[in-house]
2 protein chains.
Amino acid sequence: MVQFVGVSDIVKLINQVGLETVLRDLADRLEADFKRWPEFEKTPRLASHSRDGVIELMPISDHAHYAFKYVNGHPKNTARGLQTVAAFGVVSDVDTGYTIFVSEMTLLTAVRTAAMSALAARYLARPDSRTMALIGLGAQSEFQAIAFAELVGIEHIRAYDVDEAATAKFVRNMRGRNFSVEVAESAADAVVGADIITTATADKQQATILSENMVGAGVHINAVGGDCPGKTELEAAVLRRSAIFVELTEQTRIEGEIQQLAQDHPVTELWEVITGQVEGRSSRDTVTIFDSVGFAMEDFSALQLIRDIAQQTGHFQDIDLIVEPRDPRDLFGLLTEADAMAEA
Amino acid sequence: MVQFVGVSDIVKLINQVGLETVLRDLADRLEADFKRWPEFEKTPRLASHSRDGVIELMPISDHAHYAFKYVNGHPKNTARGLQTVAAFGVVSDVDTGYTIFVSEMTLLTAVRTAAMSALAARYLARPDSRTMALIGLGAQSEFQAIAFAELVGIEHIRAYDVDEAATAKFVRNMRGRNFSVEVAESAADAVVGADIITTATADKQQATILSENMVGAGVHINAVGGDCPGKTELEAAVLRRSAIFVELTEQTRIEGEIQQLAQDHPVTELWEVITGQVEGRSSRDTVTIFDSVGFAMEDFSALQLIRDIAQQTGHFQDIDLIVEPRDPRDLFGLLTEADAMAEA
């Protein structure tokens, strides 16, 4: 039997353990997996583009386990009352090729993106960062806010979205937390006094959420929303004056903010910073950017954590995705045995 | 909710409709899909090789639906009492990117491979073919035998496997069918008088199941077992004197029997024969070969058929693979709503 964590189970297991604990444990696991980065077999994601969106398969393996995520990106879905992203993930055993775990990954991707953003900020932001501007208050926003409060020590959030309903939802959801939320009047207003700027807007287009004159010295920019070809949030001038950190260079050149720059513009892979091979922030006044697009290894880490928690809490169900004939050469016997049982 | 057809449901739905009917309906659907071959977006499969096997993702889209199969190939699994192949498949809606259907595909792959073999033989074998040699009596064998009896008119099967237990299993499973089964003493004995030769052995190695002196004029060879790099069943000389038909040339050059030949050795794609653009068998004494490796479009056809039958018969379950928040921007609300319900 294959263990399956559906939406109801992942909600139960996150609530039982606590979202803050899940984010913290996931950041630890991401950090550990980034430290063994060269061990992973990395494959570019396999994308199928259509008029309104894209469907992707993102596989990765550490030679003990193989995992992949199915993920789409359909910006027009929101207008239809659907998620722009509706993902799921799978873990298999490399030795046998058998699938052992399946999980919803829409909620889990939001959790892992936030944990990843916070982990990157721990290495790149000024250690005394307390105020974060959060621009874009969609499905990702609450997870980003809680992750930065929990893992980076953010105490004040200056929030902005063009959509008042999204803003109201964010404020309502973040009431009573261990950080204050101030609604800004514009993106430019939100970044005033911010140590960290997180952009997580959803429009699939070249947008300028953050222009050069909005970014002060020493800021860390957590650029979450620019994550596919044709979708960026930062003015190119912001990128040119900053130290840029990426997950996997070849992927980010296509999908990230740096698609706006020359193919040889210098960037640093985050695993080199996490392993201590390369410096992160070089001075207090450097502008750092984590050009986040989401890499398969992060999904691997997230799936492994949720699999562990599912087993600890019992919040999963068994599904018969894989045949278990008595004799592996007798697949046909599955049909005749069932027939015999039905007649008996 | 996503519809899920697990092993117990696929067994029930195949037995309710009848395997013969499923094979016939699937061959019709394969034929219809091959006729619209240019409409499909074809992507090479994405393979992850390890010491003992391979794990692959095989995606395809007709721009209305996107499907992919997860499939492994682990020859040593049999010795551990496991399937060499343990596959599942997914269908999604291209417009929204939402996954709508998940099915086991170990059993279903055997069914679709057999339906595909029989469909190819209808176009390539002599119409008066009545005797088939079946070499390799593993998990595929019964499905091949029934498909050829049902769809091609085979009345006599000359069966051979090096393994006596596999042979006994095949004979037991095929008792009381509308074709006779004769156990041959060797592969060479099996092919005597055969109009069609099906090779479906499982060893992952360059093997010579069929050598040049075993193949008489006018035979159709259904080469099922040679389906990955390093795994072939036919002597190269057999290939050189035959008219070779493939699914997708670029894939078969890597995975099929023709990996033994030069990259420019002439082959014909089956869709060209099925659409009537190219002749299949040119004379009664031509040797034809269907160099079967299995293409993603065939899994697409099989998944769509099983999805229809599942809906007709009710043999499926709903699984909560995809989140359905009241507000798509309020993913976080899923956690707090569940909390509020738990407290109420």
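Residues numbered from 1 in each chain as written. Chains lettered and ligands numbered in written order. Predicted model: local features only at pLDDT ≥ 70, side-chain atom pairs only at ≥ 80, totals over all residues. Heavy atoms only, no water.

**Looking at the environment of B:Asp25**
Residues and elements named next belong to chain B. Just so we agree on the cut-off: Per the convention used, a helix needs a DSSP run of H or I reaching at least four residues, while a strand needs a run of E reaching at least two, with both numbered from the N terminus. Any residue under 20% of the maximum accessible area for its type is buried, any over 50% is exposed, and the rest in between are partly exposed; the area is computed with a 1.4 Å probe on protein chains only.
Topologically, Asp-25 is positioned in helix H2 (residues 19-35). Residue class for Asp-25 comes out partly exposed when judged on its relative accessible area of 32%. For the pair Asp-25 and Ala-302, spaced 277 residues apart in sequence, the C-alpha to C-alpha distance is 9.6 Å.

**What to know about unusual backbone geometry**
Residue and element names in this part refer to chain A. In this structure, His-63 is a non-glycine residue whose phi angle is positive, near 75°. Relative to the assigned elements, His-63 resides in the loop between strand S4 (53-61) and strand S5 (65-73). Judged by its relative accessible area of 47%, His-63 is partly exposed.

**A few points about the environment of B:Val293**
All names here are of chain B. The test is simple: The contact definition used throughout considers only heavy atoms, calling two residues in contact when any of these lie within 4.5 Å.
Considering the arrangement of structural elements, one finds Val-293 in the loop between strand S17 (288-291) and helix H10 (296-313). Among the residues examined, Val-293 registers a relative accessible area of 11% and is labelled buried. Distance in space between the C-alpha atoms of Val-293 and Gln-277 is 22 Å, their sequence separation being 16 residues. If near-sequence neighbours (up to four positions away) are discounted, Val-293 is found in contact with Arg-45, Gly-226, Asp-227, Glu-247, Gln-251, Thr-252, Glu-255 and Gly-256.

**Concerning the packing of aromatic side chains**
Here is the rule we go by: Note on aromatic pairs: the rings of Phe, Tyr and Trp (six-membered ring only in Trp) are paired at centre separations within 6.5 Å, and the planes decide the class, stacked below 30 degrees, edge-to-face beyond 60, tilted for the rest.
A complete count under the given rule lists 19 aromatic pairs over all chains for this structure. With 5.6 Å between their ring centres and 75° between their planes, A:Phe332 and B:Phe143 make a pair best called edge-to-face. With A:Phe332 in the loop between strand S18 (317-319) and helix H11 (333-343) and B:Phe143 in helix H4 (residues 141-152), the pair connects residues from two separate chains. The buried category is assigned to A:Phe332, whose relative accessible area is 1%. On the basis of relative accessible area, B:Phe143 is assigned to the buried category, the value being 0%. Pairwise contacts between aromatic rings join A:Tyr66, A:Phe68, A:Tyr70, A:Phe88, B:Tyr66, B:Phe68, B:Tyr70 and B:Phe88 into one cluster.

**Describing the sheet that holds strand S15 (residues 243-246) of chain A**
Residues and elements named next belong to chain A. Formally: Strands qualify as paired when DSSP identifies two bridges or more between them. In this description, a line fitted to the C-alpha atoms serves as the axis of each element, helices being fitted only across the stretch in contact, and the angle between N-to-C directions of two axes falls anywhere from 0 to 180 degrees.
The strand order across the open sheet built from 8 strands is S10-S9-S8-S11-S13-S17-S15-S16, with neighbouring strands paired in parallel fashion. Each edge of the open sheet is held by one strand with a lone partner, namely strand S10 (180-183) and strand S16 (268-269). Alignment of strand S13 (residues 220-223) against strand S17 (residues 288-291), held across 4 bridges, turns out to be parallel. Across the sheet, residue Asn-222 finds its bridge partner in S17, namely Phe-290. Contacting strand S11 (196-199), S13, S15 and S17, helix H3 (residues 106-124) runs over the sheet at an angle of about 155° to S17. Its contacts with the sheet place helix H5 (residues 164-173) against strand S8 (131-135), strand S9 (156-160) and S10, and it is angled at close to 165° to S10.

**What to know about the packing of helix H1 (residues 7-17) of chain B against helix H3 (residues 106-124) of chain B**
Residue and element names in this part refer to chain B. Rule in force here: All amino acids are sorted into three groups, where Ala, Val, Leu, Ile, Met, Phe, Trp, Tyr, Cys and Pro are nonpolar, Asp, Glu, Lys and Arg are charged, and the leftover types, Gly among them, are polar.
Put simply, H1 and H3 touch, their axes get as near as 9 Å, and they point 35° apart. Contacts between H1 and H3 pair Ile-10, Val-11 and Ile-14 from the former with Leu-107, Leu-108 and Val-111 from the latter. When grouped by side-chain class, the residues that make up the contact of H1 with H3 number 6 nonpolar, no polar and no charged.

**Focus on the sheet that holds strand S15 (residues 243-246) of chain B**
Residue and element names in this part refer to chain B. Pairing is parallel in the open sheet, where 8 strands are placed in the order S10-S9-S8-S11-S13-S17-S15-S16. The sheet is open, and its two borders are formed by strand S10 (180-183) and strand S16 (268-269), each paired with just one other strand. The pairing of strand S8 (residues 131-135) with strand S9 (residues 156-160) spans 5 bridges and is parallel. In the sheet register, Leu-134 faces S9, and the bridge partner there is Ala-159. On the sheet, H3 packs against strand S11 (196-199), strand S13 (220-223), S15 and S17 and is oriented at approximately 155° with respect to S17. Running over the sheet, H4 touches S8, S9, S11 and S13 and is turned about 165° from S8.

**Some thoughts on the relation of the copies chain A and chain B**
What connects the two chain copies is a rotation about an axis and a shift along it. How we decide: Overlaid copies result from least-squares superposition on C-alpha atoms, with residues included only where pLDDT is at least 70 in both.
Under the fitted operation, chain A is carried onto chain B by 0.0 Å of movement along the axis and a turn of 180°, and the coordinates agree to an RMSD of 0.0 Å. Between the two chains, the operation in question is that of a two-fold axis. Both copies contact each other with a shared surface, as 99% of the interface residues of chain A are interface residues in chain B too.

**Considering the interface of chain A and chain B**
What counts here: Note on definitions: buried area is the accessible-area loss of two parts on being combined, 1.4 Å probe, summed for both. Only one rule defines a salt bridge in this text: a Lys or Arg side-chain nitrogen within 4 Å of an Asp or Glu carboxyl oxygen. In protein, a polar contact means a hydrogen-donor-capable atom and an acceptor-capable atom, both N or O and within 3.5 Å, with residues adjacent in sequence counting only if both atoms are side-chain atoms; elsewhere, any N or O pair within 3.5 Å suffices.
Listed as interface residues are 82 residues of chain A and, on the opposing side, 81 residues of chain B. Interface of chain A and chain B: buried area, both sides summed, is about 6,600 Å²; carbon and sulfur atoms make up 65% of it. Broken down residue by residue, the surface that chain A buries against chain B is led by A:Arg329, A:Phe332 and A:Leu335, which jointly contribute 12%. Counting across the chain A and chain B interface gives 2 salt bridges. Here A:Arg329 makes a salt bridge to B:Asp163, at a shortest N to O gap of 2.3 Å. The interface formed by chain A and chain B includes 34 residue pairs in polar contact (both at pLDDT 80 or more). With 6 residues, H11(A) is the single largest residue contributor to the side of chain A that touches chain B.

**Regarding the confidence of the model for chain A**
Definition in use: Summary of the metric used: pLDDT quantifies the predictor's per-residue confidence within the range 0 to 100.
Per-residue confidence for chain A gives a mean pLDDT of 94; residues scoring 70 or more make up 98%. Listed scores for the predicted complex are pTM 0.94 and ipTM 0.92.

**Description of empty space enclosed by the protein**
Where empty space is left can be seen by rolling a probe of water-molecule size over the atoms. The following threshold applies: Cavities and pockets are found on a 1 Å grid laid over the protein atoms alone: a cavity is a set of points where a 1.4 Å probe fits but cannot escape, a pocket is an open set with protein on both sides within 12 Å along at least five of seven lines, and a lining residue has an atom within 4 Å of such a point. Grid points are joined across faces, edges and corners, and a volume is the space filled by probe spheres set on the points.
Evaluated as defined, the whole model comprises 5 cavities of 30 Å³ or more. Volume-wise, the largest cavity comes out at about 60 Å³. Forming the walls of the largest cavity are A:Phe4, A:Phe88, A:Val90, A:Val102, A:Ile319, A:Leu321, B:Phe88, B:Val102, B:Ile319 and B:Leu321. A breakdown of the residues in the lining of the largest cavity according to their chemical character gives 10 nonpolar, no polar and no charged.

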